[in-house]
Amino acid sequence: MTTPVAVTTRSSPAEKLGGSMAGQESSFPAPHAQFRGRCRRLGGLQPSCPELRTELNLLLDQLISENYSGAEIRPEEICTLLTQASRLVPPSQEHLVVKLCQLIHQLLNQLQVIVDEPTLDTLVSYTCQALYSCSPWTHPEVLLAMSALVYANGPQCKRHLPELLGPSGLLMRYSAPSQPDMELRQAAVHCMSSLCMGLPGKPCLEQPYRGVCFKTFLQTLQCPRPPEGDDIVYCMLLQSALKGLQYYLNGENCSVHQMNLADSFLLCNTSTSHAEVPPVLYPAPLSQYDSVTVVKSSTASKKRKSHGRDRKSGVEGRRSEAEDVQEEREVVPTRGQASDRWSPRVQLVSGATPSPSWKKGSSDSEVSDPEGGMQGKIRLYQARVRLSSLHCFLSLLKCVEKRVLFGYWSSFLPDAPTPGSASTLTLLTIVLKDPSPKVRAGSLQVLSALLDGSRGFLSTAEDVSVPRQAFTPLSATLAASLRELHRSLSLALLAESSPHTLTQVIKCLAHLVCNVPYQRLRPGLLSPLWKQIRPYIRHRDVNVRVSCLTLLGALVSAQAPLTEVAQLLKSGDGGGASEEGPCWLLQLCMCLVTKPRDGAHSDSDSATSPAHRNGPADKSQVMCMTMLLGLTYGGNSAAAVRALGVYVLFPCLQEDVMFVVDAANAILACLTDCSSNVRTMAAWSLGNLADTLIVNMELLRSEVSDLLLLKMLTAATQASRDKDRVKSNAVRALGNLLYFLGPEQIVRPQFSSPIEEAMHALTSTVCSDVTMKVRWNACYGLGNAFRNPSLNLGSASWSADAFSALTGAVASCRNFKVRINAAAALSVPPLRQNYGDAAQFARVWQALVEALEGSVDSADFLEYRYSSSLRTQLCQALLHLLSLCQPEDLAGLTPSLSGHVGSSLVQHLTEDGSPAAEGKDGAVLQGRVQVASEALVRLREFSGQTHADTLVDFLEDVLRSLPGDRSAPF
């Protein structure tokens, strides 16, 4: 692209702007032709033209008046036009400067153009000069043009950053809290947010300027609102700061304490002074704010009382609550009398009708204001601030580690209903009470992100009827929070009328169902939800119907087969019992996937309930299998291949050789799909299929062809190089496939290279920089591969690398689950020859000893819960090695059996932290007694050998400290 750097001959700009297209103008639509015609006229102007000002004024007005949305104008044309215009408009002509800035903003925004670096340098220099020389009334327009220029162009503005963001930079002066002009301050903050915007895969604004912008955003959000400021401009200022904070968070690993800023503006109402920001957000169920006096109008109290008297039990009562929620969405948040923080005030808008104004259309209700256009516009901008704070919150959730985030769970989710409580602001407050459907949908997205991946954290929740104690345990608090989530989201489901927000409610419920440990909670949470969701299956909006299927799939896939789910599946479509034939949900899925595609069904769920693990009914079994196999090659590949992964676990289908073979071929086809989501589901299904091969090894070894096994082994090896989500299941499948191979297949030449590649894939994954889930699955896969005696573990070329990878992981990996799986794999080989020579045997021993010594020390407190399991597995591995050692191995073992290390080993081998072993009479310790006694008998056979006595003395010390019947004499 050619960009002019100076005005040359009279005809040069015109040629660049449109001269080469003089004969082609008629081929463009009118807007394109007019744009290029005006570009040519502008290119023909020179600073010396007598009518330059008049002509420029006319051309700029004509260019600004056009609507360029969707116009096919090349970016280089825009860059050349703006560069030429900046040379013709001197900073002294302030009205022309403002028009040029308006044109810059309009063209770049409407056409979504990011200017090239030469044009950027020219125009940023021009706008800086205008800020220095023009009157203050022009500065907001100049800054608006600058923000459009620097948008996602921060790294390319390196030459101008000191002038803009230095200690006395232009943007620093204009964005300071002392700046009296709020409009100018908003424009400067908006420009700084544009500088922080980064594109995926490209560098972002460098430090220290990025940190300078971040501090300005925080300062803007924390400063009180000027008493005489305009409401709309102040809303725009907050929105710009929140947007800049969001851009900053998208490229940073930030502290969770920054969530208090986003939290403060979730109930933004700029009729008050400012939002009070707490200095610290505590990771515990502690009070974050001071209490606030709640002011209720008499009208609201009367309406709530009348609803309470008329409320009926069951669904009608729940719908009455939903009507209360609808009325409370008419609330305008106001300032509490006892505090300056934002607080919701339960007060109905004057003239409210039974049908809330927000239900009259799908757009934001603030636009149609019955009291006047200005108040409606203010409420619209307030909603935008709330939505920006939610977007900022969502970005923060993505850059904070989940394990850290869970400590702040109580700050955003309640554990009990809080009707009318102004001091309790949670995400559910917004979901139930915010008048804007967009804000409600944004809050639901944040809630879904908070719930996603929370299964491990929520697994501690427990809901049991016990007497009230002096303190409430975390398990009870989490259980109460989960019950409140179910209650509030059920109310939102009944009260919501916006199809888009309704879709988000159902998706959020699906995330909740997928992560709740229902087996640890009192029954009854799923039945109301099941009944409420069924009418929405026939909703007029296709996205609502799709999300309903997703939620139903989550319900039937709830952790552990639940009796409640099984009873719901047996109920007929009308709610009564239906014992004969397939359940209504299976019939619905079969109907959706067999009728012509009209957008009503989705790539969602076609699998049956885990509660029916014996498989579908005989009448529909063949049809279900046939449909799923066909859908894997169609447009529903991800859901279909996932359903196949469930089907291969049904006992009645695991022995169906033809189905297993067909499922394998379908899964292999999906592993090559261009969609990573399809490949992820296919890898998960392949792992399940490999589990099935192991379960029915005797039957399937003789039935599955060598060609199919070779394809599966090769495909799993290739998938182990894919993304981590695919890789974690691919390595799991590899271990099982290597275990499944028979001796007649291993000796065949065509299997030699694939086996080598598969073992290399497993060992390299154990050592690679991937997620911990991938690494522990790779260790698990190696352990399964070691179980195949035909692989010649110990003498094969890959053996040394495999042991090296496992010993490195067990001794030094910071994740205890990886170390547990590595130790388990090292204790699998049944023969001494499987461990290789004496030097390698000693390295395995020493790595296990080091791991045992380090099992009590962890920099991460969250790993402490796995320390007991790790020590149990390490002790088992050490005793296993002692039971296999030969005379040539004794020299490599004895150095760690004496002194402090030896005493520590004896202590670890005679203690266990698991509840089953309390009192030293658990099954784990009894098993150690047996293994140690057998090892002692073997070692006494080496009496007279060097170092043999040291090992005998060590084992005798261990057995003296262990309980049980020791028949072997000491």
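Residues numbered from 1 in each chain as written. Predicted model: local features only at pLDDT ≥ 70, side-chain atom pairs only at ≥ 80, totals over all residues. Heavy atoms only, no water.

In the annotation of an unreviewed UniProt entry, the entry for the chain reads HEAT repeat-containing protein 6, and the organism field reads Denticeps clupeoides.

### Details of the overall build of the chain
For clarity, the cut-off: Note on conventions: DSSP H or I runs of at least 4 residues are helices, E runs of at least 2 residues are strands, and numbering of each starts at the N terminus. Any residue under 20% of the maximum accessible area for its type is buried, any over 50% is exposed, and the rest in between are partly exposed; the area is computed with a 1.4 Å probe on protein chains only.
Of the regular secondary structure elements, the chain holds 46 helices and two strands. Put simply, the chain has 970 residues, and 55% of those count as buried.

### A word on the confidence of the model for the chain
Regions with low pLDDT should not have their predicted coordinates read in detail. The line we're drawing: Each residue carries a pLDDT score, the predictor's confidence in it, ranging from 0 to 100. The criterion used for residue contact is that any of the two residues' heavy atoms lie within 4.5 Å.
Per-chain confidence: the chain averages 78 in pLDDT, with 75% of residues scoring 70 or above. Taken as a whole, residues 285-319 scores under 50 in pLDDT and shows 52 contacts with residues more than four places along the chain or in a different chain. Across residues 607-616, where pLDDT falls below 50, the model places 29 contacts with residues more than four positions away in sequence or in other chains.

### Some remarks on the environment of A510
Within the secondary structure, A510 sits in helix α23 (residues 499-515). Residue A510 is classed as buried on the basis of its relative accessible area of 5%. With 59 residues separating them along the chain, A510 and L451 place their C-alpha atoms 9.8 Å apart. Ignoring anything within four residues of it in the chain, the contact list for A510 reads T550, L551 and A554.

### Here we look at the side chain of T220
With respect to the element layout, T220 can be found in helix α11 (residues 209-222). T220 gets classed as buried once you look at its relative accessible area, which sits at 3%.

### Considerations on helix α40 (residues 816-826)
Note the cut-off: Counting of polar contacts relies on pairs of N or O atoms within 3.5 Å, with two restrictions inside protein: one atom must be capable of donating a hydrogen and the other of accepting it, and residues adjacent in sequence are counted only when both atoms are side-chain atoms.
When you tally the buried positions in α40, you get nine out of eleven residues, the bulk of the element. Among the residues of α40, F816, V818, R819, I820, N821, A822, A823, A825 and L826 are the ones counted as buried. Structurally, α40 contributes buried residues whose contacts are with α38 (772-786), α39 (799-812), α41 (838-853) and α42 (867-884). Regarding α40, its N-cap is N815, as a side-chain oxygen of that residue lies 3.0 Å from the backbone nitrogen of K817 further along.

### Quick notes on the environment of E888
Inspection of the secondary structure assignment puts E888 in the loop between α42 and α43 (890-893). Sequence-wise, E888 and A838 are 50 residues apart; in three dimensions their C-alpha atoms are separated by 6.4 Å.

### Notes on the packing of aromatic side chains
Heads up, the condition is: Here a pair means two rings of Phe, Tyr or Trp (six-membered ring of Trp) with centres within 6.5 Å. Their orientation is stacked below 30 degrees between planes, edge-to-face above 60, and tilted elsewhere. Only when the NZ of Lys or the CZ of Arg is both within 6 Å of the ring centre and within 35 degrees of the ring normal is a charge said to sit over the ring.
In total, this model carries nine aromatic pairs according to the counting rule given. Centre to centre, the rings of W409 and F457 are 5.5 Å apart; their planes meet at 50 degrees, and the pair counts as tilted. Highlighted residues: W409 in helix α18 (residues 409-412) and F457 in helix α21 (residues 455-458), separated in sequence by 48 residues. By relative accessible area, which is 4% here, W409 ends up buried. Aromatic side chains Y647 and F650 sit 5.2 Å apart centroid to centroid with 40 degrees between the ring planes, which places their arrangement in the tilted category. We note that Y647, like F650, is buried. One aromatic cluster in this structure is built from F786, F803, Y835 and F841. Taking NZ or CZ as reference, R642 lies 5.6 Å from the ring centre of W684, over its face. Between the NZ or CZ atom of K817 and the centre of the ring of W776, over which it lies, the distance is 4.0 Å.

### With respect to the pattern of salt bridges
Cut-off, in case you're wondering: By definition, a salt bridge exists where a carboxyl oxygen of Asp or Glu is found within 4 Å of a side-chain nitrogen of Lys or Arg.
With the rule as written, the count across this model stands at 18 salt bridges. Among the salt bridges present, the one from R732 reaches D691, with a minimum N-O distance of 2.8 Å. Linking R732 in helix α35 (residues 724-740) with D691 in helix α32 (residues 676-695), this pair joins segments that are 41 residues apart in sequence. On the basis of relative accessible area, R732 is assigned to the buried category, the value being 12%. Given the relative accessible area of 23%, D691 is considered partly exposed. In this structure, D706 engages R748 in a salt bridge whose closest nitrogen and oxygen atoms are separated by 1.7 Å. Taken together, the residues D706 in helix α34 (residues 706-719) and R748 in the loop between α36 (743-746) and α37 (749-767) connect sequence positions 42 residues apart. A relative accessible area of 23% places D706 in the partly exposed class. Among the ionic contacts, a cluster of salt bridges with common partners joins R74, E76 and E77.

### Focus on helix α7 (residues 139-150)
Put simply, the rule is: Helix span, expected: 1.5 Å multiplied by one less than the number of residues in the helix.
Counted at 1.5 Å a residue, the expected span for α7 with its twelve residues is 16 Å, and the 16 Å between its end C-alpha atoms agrees. A large share of α7 lies buried, amounting to ten of its twelve residues. Buried within α7 we find H139, P140, V142, L143, A145, M146, S147, A148, L149 and V150. Where α7 is buried, its residues meet α5 (94-110), α6 (117-133), α8 (161-165), α9 (170-174) and α10 (182-196). Just beyond α7, the residue with positive phi is A152, at close to 60 degrees.

### A few points about the nonpolar core
Rules: Put simply, a nonpolar core is a bunch of buried Ala, Val, Leu, Ile, Met, Phe, Trp, Tyr and Cys residues held in one set by side-chain atoms that sit within 4.5 Å of each other.
Counting residues in each nonpolar core, the largest one holds 289 residues, and the members touching the most others are L165, L171, W409, L585, L738, I755 and L848. Setting aside chain neighbours within four positions, we find L585 in contact with W530, L552, V556 and L569.

### Digging into the packing of α35 against α38
Defined as follows: Here the axes come from fitting lines to C-alpha atoms, over the contacting stretch only for helices, and the angles between their N-to-C directions go from 0 to 180 degrees. Orientation is classified from the angle alone, with under 35 degrees giving roughly parallel, over 145 giving roughly antiparallel, 65 to 115 giving roughly perpendicular, and any other angle giving oblique. Residues are sorted three ways: Asp, Glu, Lys and Arg are charged, Ala, Val, Leu, Ile, Met, Phe, Trp, Tyr, Cys and Pro are nonpolar, and all the rest, Gly among them, are polar.
Running from amino to carboxyl end, α35 crosses α38 at an angle of 5 degrees, the nearest separation of the two axes being 7 Å. Viewed along their axes, α35 and α38 adopt a mutual orientation that is roughly parallel. Residue-level contacts link D724, K727, S728, V731, R732, G735, N736, L738 and Y739 of α35 to K773, V774, N777, A778, Y780, G781, N784 and A785 of α38. Each residue belonging to the contact of α35 with α38 can be placed in one class, and the counts come to seven nonpolar, six polar and four charged.

### As for unusual backbone geometry
Cis geometry is adopted by the peptide bond preceding P208, which originates at Q207 and carries an omega value of 5 degrees. Looking at the secondary structure, you find P208 in the loop between α10 and α11. Residues other than glycine seldom take positive phi values, yet A152 does so here, at roughly 60 degrees. Locating A152 in the fold gives a position in the loop between α7 and α8.

### Brief notes about the side chain of R38
In this fold, R38 is placed in helix α2 (residues 30-43). Looking at R38, its side chain comes within polar contact range of the side chain of E66, at 3.2 Å. Excluding its chain neighbours within four sequence positions, the residues that come into contact with R38 are L59, Q62, L63 and E66.

### Focus: the packing of α37 against α39
When two helices pack together, their arrangement is given by the angle between the helix axes and the distance between those axes. What counts, and what does not: When the near helix sits turned anticlockwise from the far one by under a right angle, the crossing is termed left-handed; a clockwise turn instead gives a right-handed crossing.
For the pair α37 and α39, the least separation of the axes is 9 Å and the interaxial angle reads 20 degrees. Here α37 is positioned roughly parallel relative to α39, judged by the angle of their axes. Crossing handedness for the pair α37 and α39: left-handed. Judged by residue contacts, T763, V766 and C767 of α37 engage D801, A802, A805 and A809 from α39. Classifying every residue of the contact of α37 with α39 gives five nonpolar, one polar and one charged.

### Re the environment of Y866
Within the secondary structure layout, Y866 lies in the loop between α41 and α42. Residue Y866 is classed as partly exposed on the basis of its relative accessible area, which comes to 21%. Between the C-alpha atoms of Y866 and K817, which are 49 residues apart in sequence, the distance is 7.0 Å. Those residues in contact with Y866 that sit more than four places away from it in its chain are F816, K817 and I820.

### Let's talk about the state of the cysteines
Keep this limit in mind: A pair of cysteine sulfur atoms is labelled a disulfide when the two atoms are within 2.5 Å.
Counted by the stated rule, this structure contains zero disulfides. Of all cysteine sulfurs in the structure, the one in C213 sits closest to C196, which takes part in no disulfide; the separation is 3.9 Å.

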